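# Overview (structure and organization)
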Amino acid sequence: MDGLVIKNTGSWYVVRPLDGGIPIDCKIKGNFRLKGFRCTNPVAVGDVVTIDCKPDGSAFITSIKPRRNYIIRRASNLSKEFQIIASNLDQAVLVVTLAHPVTNTTFIDRFLATAEAYRVPVVIVINKVDLLVEPEDHELLVAIAHLYRTIGYDVLATSTLSGEGLDSLRAVLAAKTTLLSGNSGVGKSSIINALVPGARLRVGDVSESHHTGMHTTTFSEMIDLPGGGVLIDTPGVKGFGTIDFERNEVAHYFPEIFAESSHCKYGDCTHTHEPGCAVLKALEECRISQSRYASYLSILEEDPDNKYRKPF
Ligand SMILES: Nc1nc2c(ncn2[C@@H]2O[C@H](COP(=O)(O)OP(=O)(O)O)[C@@H](O)[C@H]2O)c(=O)[nH]1
Ligand SMILES: [Mg+2]
Ligand SMILES: [Zn+2]
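Think of each chain on its own: its residues are numbered from 1, step by step along the sequence as written. The lettering of chains begins at A and the numbering of ligands begins at 1, in the order of writing. Reporting in this predicted model follows two pLDDT cut-offs: at least 70 for local features of residues, and 80 or more for side-chain atom pairs to be given and counted; totals over whole chains, interfaces and linings ignore these cut-offs and use all residues.

This paragraph deals with the overall build of the protein. What counts as a helix is a DSSP run of H or I of at least four residues, what counts as a strand is a run of E of at least two, and both are numbered from the N terminus. What the protein contains, in helices and strands, is seven helices and 13 strands. To assign burial, the other C-beta atoms lying within 10 Å of each residue's own C-beta are counted, with C-beta atoms placed from the backbone; 20 or more indicates buried, 12 or fewer indicates exposed, and intermediate counts indicate partly exposed. Out of the 312 residues in the protein, the part that is buried amounts to 35%. Our contact criterion uses C-beta atoms placed from the backbone: two residues qualify when those atoms are within 7 Å. The long-range share in the protein, meaning contacts at least 24 apart out of those at least 6 apart in sequence, stands at 63%.

Taking 1.5 Å of rise per residue, the 17 residues of helix α2 (residues 135-151) would be expected to cover 24 Å, and the 25 Å separating its terminal C-alpha atoms lies within 8% of that figure. Positive backbone phi, approximately 125 degrees, marks glycine 152, located one or two places after α2. Expected span of a helix, by definition, is 1.5 Å for each gap between consecutive residues, and there is one gap fewer than residues.

With that settled, the discussion passes to the site of ligand 1. Looking at ligand 1, there are 19 residues lining it, with Gly187, Lys188, Ser189, Ser190 and Gly204 nearest. Considering each element in turn, the shell around ligand 1 owes the most residues, three residues, to helix α4 (residues 188-195). Counted by class, the shell around ligand 1 contains four nonpolar, 10 polar and five charged residues. Near residues are defined by distance alone, with the backbone-placed C-beta atom required to lie within 6 Å of the molecule or strand. Note that Gly is not counted as nonpolar here; it falls among the polar residues with everything else outside the nonpolar set of Ala, Val, Leu, Ile, Met, Phe, Trp, Tyr, Cys and Pro and the charged set of Asp, Glu, Lys and Arg.

The subject of this paragraph is the pairing of strand β10 (residues 154-157). Where strand β9 (residues 122-127) and β10 come together, four bridges link them in parallel fashion. Bridge assignment links valine 125 to a residue of β10, and that residue is leucine 156. Crossovers are marked right-handed if the path from the first strand over the helix to the second runs clockwise, as seen with the strands pointing away from the viewer. The parallel pair β9 and β10, bridged by α2, forms a crossover whose chirality is right-handed. Whether two strands pair comes down to DSSP finding at least two bridges between them.

This brings us to the environment of histidine 271. Mapped onto the elements of the fold, histidine 271 is located in the loop between α5 (255-261) and α6 (278-284). The exposure class of histidine 271 is buried, given the 23 C-beta atoms found within 10 Å. Distance in space between the C-alpha atoms of histidine 271 and glutamate 260 is 10.0 Å, their sequence separation being 11 residues. The residues touching histidine 271, leaving out its near neighbours within four places in the chain, are Ala251, Ile257, Ser261, Cys264, Cys277, Val279 and Leu280.

Attention shifts here to unusual backbone geometry. Residue proline 101 is bonded to the preceding histidine 100 through a cis peptide linkage, with omega at -5 degrees. Summarising the element assignment, proline 101 is placed in the loop between β8 (91-97) and α1 (105-117). A positive phi is found at asparagine 88, a non-glycine position, where the angle reads about 55 degrees. When you line up the elements, asparagine 88 lands in the loop between β7 (82-87) and β8. Backbone geometry at alanine 175 places phi at a positive 65 degrees, although glycine is not the residue there. Assignment of secondary structure puts alanine 175 in the loop between α3 (166-173) and β11 (177-181).

Turning next to the pairing of strand β3 (residues 24-28). Across three bridges, strand β2 (residues 13-17) lies against β3 in antiparallel orientation. From the neighbouring strand, valine 14 faces β3, where its bridge partner is aspartate 25. Counted between consecutive antiparallel strands, the loop separating β2 from β3 contains six residues, among which glycine 20 sits at a positive phi close to 95 degrees. In this structure, β3 lies alongside strand β5 (residues 59-64), joined through two bridges in parallel fashion. Note on β5: the bridge partner recorded for lysine 27 is phenylalanine 60.

Each packed pair of helices is defined by two parameters, the angle between the axes and the distance between the axes. Axis definition: a line fitted to C-alpha atoms, over the contacting stretch in the case of helices. Angles run 0 to 180 degrees between N-to-C directions. Viewed as axis vectors pointing N to C, α1 and helix α7 (residues 290-302) meet at an angle of 70 degrees, and their least axial separation amounts to 9 Å. As judged from the angle between their axes, α1 and α7 are roughly perpendicular. For the pair α1 and α7, the sense of crossing is right-handed. Facing α1, whose interface residues are Thr105, Thr106, Asp109, Arg110 and Ala113, α7 presents Ser291, Arg292, Ser295, Ser298 and Ile299. Angles below 35 degrees are treated as roughly parallel, those above 145 as roughly antiparallel, those between 65 and 115 as roughly perpendicular, and all remaining angles as oblique. We call a crossing left-handed when the near helix sits turned anticlockwise from the far one by less than a right angle, and right-handed when that turn is clockwise.

Okay, here's the thing in structure tokens:
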């Protein structure tokens, strides 16, 4: 029987049969491994799997259908193992805030670069806009929204308090499978509660931060949206942006830097010091933003020896 993995508890998986039957708790066989995957969880939410139901009521996942895409993160900071956060995504929503807390732009840009690398479109949701009351707060909102829209990302401004932007967000999510990401405290649970009557997720839950240590467990879950579409919630997972890139690949995942780079004098230009670098010229002429370029450099400098690679 084939089914969709709708929940990963860390110990077992909940699989909803494609024929519409009730969800079944499944284990995986001890030696179940995907070729070439150094992964802590071989099966992910969003996977379509074949399951084997035993007469005693137990059920096992025996194979995974090929994935259209997926998103991974490093299992912990220094680990060589990876977790697949979710697969077969239409898009990711990155929830950010400009106040309480401030999401830093490097985090945003790492997330976007990782999503580019795995070909997952991202919509940026700036939440808690009700807190942006001072004129300078509002100017910042306009500037950030303009920056990312210019690069090509959709940007929404929302407030779960006032309800602003929630209809636009509903429209973006309709009939799609969306990974919901963002730092702790930006309002992900509040957004789910606003969109899904009866969801009643705990809000303001600080326990999430305890899950960021060495032994992070992935608890991902699909949440059905009224009117179609699903959200994949990943409490305890800080999001992605923790993979490594090959040095000469980094620019590929910054669309506006990549666009300029075709005009650089040297084909192997790193856009840091080279004469005739079109990226540095664009930076000088403010066609590439300082903050984006700083994020590019921060990723580049993380791996000066090019030790690490995108794992798969
Ligand atoms: N002012 C304001 N506070 C919000 C908004 N959305 C969520 N919050 C608050 O932000 C805190 C964290 O929200 P939560 O949904 O738990 O964030 P999560 O960690 O991303 O799931 C809670 O105290 C919420 O009440 C919003 O739009 N405006
Ligand atoms: Mg939460
Ligand atoms: Zn260059």
